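Residues per chain are reported as follows:
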Amino acid sequence: MRTLTGITPSGTLHIGNYFGAMRPAIEAQVKGDCFYFIADYHSMTSLFDPVERRKNTYGIALDWLACGLDPKKSVFWKQSDVPEVCELTWLIGSLTPMGLLERAHGYKDKTAKGLSPNFGLFSYPILMAADILLYDTHVVPVGQDQKQHLEMTRDIAIKFNQTYGDTFIVPEPRIREDVAVVPGLDGQKMSKSYGNTIDIFGDEKALKKRIMGIVMDSRLPADPKPDADKNIAIQLLKLLAPKEVAVDFENRLREGGLGYGDLKKALFEYYWTTFADARTKRTELAAQPDYVEAVLKEGAVKARDVASDVIKRARKACGIV
Ligand code: ADP
Ligand code: TRP
């Protein structure tokens, strides 16, 4: 039962990435057979600075290792170290209907936000399907926003299997309902592209300022707030603090008497403590770039081993060899 997921190195990682994708992926390691990669090819659809890409890729490797990815238990590599994924993109892309790609929310959202619609952005879901199918993946832990991409992957796999005979495993998404969409500082989905994130790692002062700067309404501390469950700080506290603590804050806010400033202070403290160990580990790892490089190279060898079998199978099925 193979689990696989990828994260695009298009910026620094935030707690939406952590709760939506990383934590479930890290927890899945106990069962073994986990494949995790840094989707640097995907980052090319929206990031055009090579220095930035290299920096983000390395930074994300540090983030994952610091948050608990164990290279002894999981295969961890950089997408571009297994270029077979590009070949598979072509093989499956050639039977992906335009209509399927035109319906992609990810593409529509990104172009609506002002990204220029290049071919890479349009074919993004095919490359993602190739990532998944190339490694005989069974389960893909992702956030809610990737659900449609997973459905597209399934459609593509089924179509390939119907056209050329049984070749690919049809994967299942794993979306945790409780953390399916982590809200950002402005209440929209937390996302690098919306500038509304709380990063997992970063400078304490700056992060505190961000959290204390969450915009709330103008009701007085004493006012009861029947909509306390909709409050962003409460929603985030539910992820970061023990359940009873979050429930207590929610009740106090609902009844009146809890000021927004105190609520945000508590949110910062729980956030800071949640990632304290990871922060220490990240600092240690940052001092060992050779180790991090070696982990990724070793991971690429293992990943490529699987990929070369699957690409052979796919080539044979469609009559390339
Ligand atoms: P971003 O939207 O910040 O660019 P990515 O698209 O790189 O994030 O997402 C990386 C992973 O993190 C994906 O599996 C995605 O579903 C998950 N993820 C991103 N943002 C959130 C969020 N706000 N809540 C839950 N999961 C998220
Ligand atoms: N598109 C995913 C995201 O933005 C990242 C990704 C690329 C991915 N390839 C993948 C996730 C394969 C899961 C499986 O979050």
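Residues numbered from 1 in each chain as written. Chains lettered and ligands numbered in written order. Predicted model: local features only at pLDDT ≥ 70, side-chain atom pairs only at ≥ 80, totals over all residues. Heavy atoms only, no water.

Trainee: Explanation requested: the environment of E255 in the structure shown.
Mentor: Structurally, the position occupied by E255 is in helix α11 (residues 243-255). A relative accessible area of 58% places E255 in the exposed class. In this structure the C-alpha to C-alpha distance between E255 and Q162, which are 93 residues apart in sequence, comes to 59 Å. If we skip the residues at most four places from it in the chain, E255 touches A222 and P224. (Helix = DSSP H or I, 4+ residues; strand = E, 2+ residues; numbered from the N terminus. Buried < 20%, exposed > 50% of the residue type's maximum accessible area, 1.4 Å probe, protein only. Contact = heavy atoms within 4.5 Å.)

Trainee: I tried to follow the site of ligand 1 on my own but got confused; where do I start?
Mentor: The environment of ligand 1 is made up of 17 residues, and the closest members are H14, G143, D145, V182 and K192. Within the side chain of H14, a nitrogen or oxygen atom sits 2.7 Å from an oxygen atom of ligand 1. For ligand 1, whose accessible area on its own is 530 Å², the fraction buried by protein is 93%. For the shell around ligand 1, the class distribution of residues is seven nonpolar, seven polar and three charged. (Near = heavy atom within 4 Å. Polar contact = N/O pair within 3.5 Å; in protein donor to acceptor, adjacent residues only side chain to side chain. Areas by Shrake-Rupley, 256 points an atom, 1.4 Å probe, with all protein chains shown as cover. Nonpolar A, V, L, I, M, F, W, Y, C, P; charged D, E, K, R; others polar.)

Trainee: Got a minute to help me understand the domain arrangement of the protein chain in this structure?
Mentor: Reports often express the size of an interface as the amount of accessible area lost when the parts come together. Partitioning the protein chain into domains gives domain 1 (3-181 + 289-318) and domain 2 (202-274). Taken over C-alpha atoms, the centre of domain 1 sits 34 Å from the centre of domain 2. (Domains from an automatic or database assignment.)

Trainee: Looking at this model, I keep getting lost on the site of ligand 2. Mind explaining?
Mentor: The environment of ligand 2 is made up of 14 residues, and the closest members are G6, Y124, M128, D131 and Q146. The contact in question runs from a nitrogen atom of ligand 2 to an N or O atom on the side chain of Y124, over 2.7 Å. Here D131 contributes a side-chain N or O atom positioned 2.7 Å from a nitrogen atom of ligand 2. Protein coverage of the free-state accessible area of ligand 2, which is 370 Å², stands at 88%. Elements with a minimum of two residues in the shell around ligand 2: β1 (3-7) and α7 (119-133). Here the shell around ligand 2 takes four residues from α7, the largest share from any one element. Class assignment for the residues of the shell around ligand 2 results in eight nonpolar, five polar and one charged.

Trainee: Explanation requested: the packing of helix α3 (residues 50-66) against helix α13 (residues 276-286) in the structure shown.
Mentor: Helix packing for two helices is described by the angle between their axes and how far apart those axes are. Where α3 meets α13, the axes come as close as 8 Å, and the angle between the chain directions of the two elements is 130°. On the basis of their axis angle, the class for α3 and α13 is oblique. Where α3 crosses over α13, the handedness of that crossing is right-handed. Residue-level contacts link Y58, G59, L62, D63, L65 and A66 of α3 to A278, K281, R282, L285 and A286 of α13. (Axes fitted to C-alpha atoms, helices over the stretch in contact; angles between N-to-C directions. Parallel < 35°, antiparallel > 145°, perpendicular 65-115°, else oblique. Left-handed = near helix turned anticlockwise from the far one by under 90°.)

Trainee: Explain the state of the cysteines to me, please; I cannot follow it from the model alone.
Mentor: Structurally, a disulfide amounts to a covalent bond that connects the sulfur atoms of two cysteines. What the rule picks out here adds up to zero disulfides. Looking at C67, it has no disulfide partner, and the nearest cysteine sulfur is the one in C34, 15 Å off. No disulfide involves C86; its nearest neighbouring cysteine sulfur is the one of C318, lying 16 Å away. (Disulfide = S-S within 2.5 Å.)

Trainee: Is there a simple way to think about α13 in this case?
Mentor: Given 3.6 residues per helical turn, the α-helix brings residues three or four places apart onto the same face. Listed in full, the buried residues belonging to α13 are A278, R279 and L285. Within α13, the buried residues cover an arc of 125° as seen down the axis, which keeps them to one side. Within α13, the exposed residues directed more than 90 degrees away from the buried face are D277 and T283. In the core, the buried residues of α13 are packed alongside α3, α12 (260-274) and α14 (289-317). (Arc of directions from axis to C-beta.)

Trainee: I would appreciate a short explanation of the pairing of strand β2 (residues 34-38) in the present structure.
Mentor: By the criterion of burial, β2 is predominantly enclosed, with five of the five residues buried. Because side chains alternate across β2, one face comprises the buried residues C34, Y36 and I38, and the other comprises F35 and F37, equally buried. Where β1 lies against β2, five bridges are found, and the strand directions are parallel. By the bridge assignment for β2, T3 is matched with C34. Taken together, β1, helix α1 (residues 15-27) and β2 form a β-α-β motif whose crossover is right-handed. Examined bridge by bridge, β2 and strand β3 (residues 74-78) share five bridges and lie parallel to one another. Counted as the bridge partner of F37 is W77 from β3. (Pairing = 2+ DSSP bridges. Right-handed = clockwise from strand over helix to strand, strands pointing away.)

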